[in-house]
Amino acid sequence: MFENRIQRAKSETLFEEAKAYFPGGVNSPVRAFKSVSGAPLFIKKGDGFTITDEDNNTYTDFCNSWGPLILGHNNKQIKEAVFETIENGMSFGTPTAHGNELGKFILDHNRYIDRLRFVSSGTEAVMSAIRLARGYTQKDKIVKFDGCYHGHVDSLMVKAGSGLATFGVSTSAGIPEAFAKETIVLPLNDEEAVENCLKEHGHEIACIIIEPVPANNGLLIQRKEYLEFLRAVCTKYNVLLIFDEVISGFRVGFEGAAGYYDIQPDLITYGKIIGGGLPVGAFGGTKEIMDHVAPLGAVYQAGTLSANPVAMTAGLACLKQLVDPSFYKMMEDQTAYLADQLEAHAKSKGYTLNVARIGSIFWLCFSEETIRTSSAIQAESMEYFKVLHHELLQTGVYLGPSGYEVGFLSKALAEDQAHLDLAISKMKDALDIAFSAVSA
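Below, the structure is looked at part by part. Here the structure is a predicted model, which means the values were calculated and not measured.

Here the focus is the overall build of the protein. In terms of helices and strands, the protein carries 15 helices and 14 strands. Oriented by its inertia axes, the alpha-carbon framework of the protein measures out at about 60 × 55 × 45 Å. Counting only residues that meet the buried cut, the protein has 56% of its 440 residues in that class. In the protein, once contacts between residues fewer than 6 apart in sequence are set aside, the share between residues at least 24 apart is 74%. Element-wise, carbon and sulfur atoms account for 51% of the exposed surface of the protein, whose accessible area totals about 18,500 Å².

So this is what it looks like as structure tokens:
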């Protein structure tokens, strides 16, 4: 079933070598290709909508470094800005004008936050926002939702998604039971469960945290009414609402899901796109809440490389290209085109498939139903993805190596209709092979 028709010898050799250096040969679990076939690809170059591996195979990329490369690889404006900044140094551990410029640009174009703090990753942003929520409310417990992933923060590694779902486990070793007891896990899309929880525990719950666009364990698009309910019920019980927009921020719109749904959370976390391809995260909120962060307040947060000039420059060069509202309409239109083409092909062949999408995020879901909870994803459906992923690699199309992960469209590909159509054609052919193989 998994005959390789492309040369992957160098990637295979490098992976065997890497096993001597890193646990499992990787520095992030899902990269290990555990749920698909073969050794992980070692990529040496990216340009526009393509990546090239060490064996000189070139692929149309729908992963885009797991989302941050919304413009595509090796973007000219970002690269030039970074090179210019590096001439003066890469890190000083001091404030820089670059940080001011990026901070001002974000706040000038975002109605949902008054202040923000830069950090170096999405996980760090979430960790800091949770600490701030607890410090501000003087309450300890938090609520998260099954199927939402918020980075590898101890108190949030409870029934998380992303790479964990790939390995079929629901939590992580090394987390004290006492930490987990401070986290209440509820099902998504269930107003009654939230209301009952807050009735009983609201006096000790600091915050509810949710991916407003859950995109780490499938693309579990939530009803706007449900998100509006969360805003209302948090206000009712004096609980902060945190939107984890590490993925959705600047991806579904410049103001993220908060702007897409026009819902005001108390805190928002960002990552991915605001670094322009470099490691950056941020958390923001109202001035009243953010003023509780040190040095103004008692909630301590620090980072040596936070707001380093190179990352700030890359982020600003990226975001300046996204601020035109027509950008997001074009991206959403082309993502809808991709989804419609694949769904029409599946319908014509009688395949069980729908393509969930929002903005420029999509997910191949081997179900006829709209999936809004992680429990509704059938594990056996991943067998289709495993074959699909393998066949796409053979023809030069790269998806993230897990059926639970979403795909991302880049501007570089969205603007090249001929290559987008070619990639869609290859995806249709791979679907034919996958359904034939699994159904046999």
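Turning our eyes to something else, we now look at a positive patch on the surface. A surface patch of positive charge is lined by K10, K44, K45 and K79. Following the sequence through the fold, K45 ends up in strand β1 (residues 43-47).

As a further point, take the sheet that holds strand β7 (residues 205-210). Pairing between the strands of a sheet is mediated by backbone hydrogen bonds and can be parallel or antiparallel. A sheet is described by the order of its strands in space; here seven strands give the open sequence β4-β10-β9-β8-β7-β5-β6, paired in mixed fashion. Of all strands in the sheet, those with a lone pairing partner are β4 (115-119) and β6 (183-186), marking the two edges. Each strand of the sheet is rotated relative to its neighbour by a mean of 20 degrees, with strand direction disregarded. Alignment of β4 against strand β10 (residues 281-285), held across five bridges, turns out to be antiparallel. Bridge pairing in β10 links R115 to G285.

Taken together, four strands build an open sheet; the order of strands is β1-β2-β3-β13 and the sheet is mixed. With one partner strand each, in any of the chains shown, β1 and β13 (397-398) form the two edges of the open sheet. As defined by bridge partners, strand β2 (residues 50-53) adjoins strand β3 (residues 58-61) across three bridges and the pair is classed as antiparallel. Bridge pairing in β3 links I51 to Y59.

A few words now on helix α7 (residues 191-201). Every buried residue of α7 is listed here: V194, E195, C197 and L198. All buried residues of α7 lie within an arc of 165 degrees about the axis, which places them on one face of the element. Structural note: α7 exposes E192, K199 and E200 on the side pointing more than 90 degrees away from its buried face. On the buried face of α7, the contacting elements are β5 (141-145), β6, β7 and α8 (224-236). N-capping of α7 is provided by D190, with a side-chain oxygen placed 3.2 Å from the backbone N of E192.

Moving on: helix α15 (residues 417-439). Between its first and last C-alpha, α15 extends 33 Å over 23 residues, near the 33 Å set by a 1.5 Å rise per residue. The complete set of buried residues in α15 reads L420, A423, I424, M427, A430, L431, A434 and F435. The secondary structure elements touched by the buried residues of α15 are β3, α12 (325-349), β12 (361-365), α13 (382-395), β13 and α14 (411-414).

Next up on the list: the pairing of β1. Note that β1 and β2 share four bridges and pair antiparallel. What sits directly across from D47, in β2, is T50. Where β1 hands over to β2, the hairpin turn is made up of two residues, of which G48 adopts a positive phi near 65 degrees.

Time to look at the environment of E288. For E288, the position within the fold is in helix α10 (residues 287-290). Judged by relative accessible area, which is 54%, E288 ranks as exposed. Linking E288 and Y136, residues 152 residues apart in sequence, is a C-alpha distance of 9.5 Å. A distance of 2.6 Å separates the side chain of E288 from the side chain of Y136, its partner in a polar contact.

It is worth spelling out the pattern of salt bridges at this point. Evaluation of the coordinates by the stated rule reveals 13 salt bridges. Its salt-bridge partner being E228, residue K224 comes within 3.8 Å of it at the nearest N-O pair. Of this pair, K224 and E228 both sit in helix α8, four residues apart, which is roughly one turn of the helix. For D333, the salt bridge is made with K329, and the minimal N-O distance between the two is 2.8 Å.

Okay, the environment of M330 next. Mapped onto the secondary structure, M330 falls in helix α12. Through-space distance from the C-alpha of M330 to that of K411 is 8.7 Å; in sequence the pair is 81 residues apart. Every residue in contact with M330, bar those within four places of it in the chain, is listed here: K411, A414 and E415.

About the criteria used
- By convention here, each chain's residues receive numbers from 1 onward along its written sequence.
- Local features in a predicted model are, by the rule used here, given only for residues with pLDDT of at least 70; side-chain atom pairs are given and counted only at 80 or more, and totals for whole chains, interfaces and linings are based on all residues.
- Side-chain measures were taken over the full set of non-hydrogen atoms in the model, leaving aside hydrogen atoms and water.
- The secondary structure listing takes helices from DSSP runs of H or I that are at least 4 residues long and strands from runs of E that are at least 2 residues long, numbered from the N terminus.
- Think of it in three bands: residues with accessible area under 20% of the maximum for their type are buried, residues over 50% are exposed, and the middle band is partly exposed, with areas taken using a 1.4 Å probe on protein chains only.
- By the convention used here, residues are in contact when the closest approach between their heavy atoms is within 4.5 Å.
- For accessible areas, the Shrake-Rupley method is used with a probe of radius 1.4 Å. Any residue's cover is judged against the shown protein chains and nothing else.
- Within this analysis, patches are made of residues with over 30% relative accessible area and no salt bridge. Like charges are joined at 9 Å or less; nonpolar side chains (Val, Leu, Ile, Met, Phe, Trp, Tyr) at 5 Å or less.
- Should a side-chain nitrogen of Lys or Arg be within 4 Å of a carboxyl oxygen of Asp or Glu, the pair is scored as a salt bridge.
- Under this rule, positive means Lys or Arg and negative means Asp or Glu; His and the chain ends count for nothing.
- A single reference atom marks each charge: NZ on Lys, CZ on Arg, CG on Asp, CD on Glu.
- Between any two strands, pairing holds if DSSP finds at least two bridges.
- Axis angles are defined between N-to-C directions and span 0 to 180 degrees, where every axis is a line fitted to C-alpha atoms and, for a helix, only to the segment in contact.
- As used here, the arc is the angular range of directions from the helix axis to the C-beta atoms.
- Two N or O atoms count as a polar contact when they lie within 3.5 Å, although within protein this holds only if one can serve as hydrogen donor and the other as acceptor, and sequence-adjacent residues are included solely when both atoms are side-chain atoms.
- Helix span, as expected, comes to 1.5 Å for every residue beyond the first.

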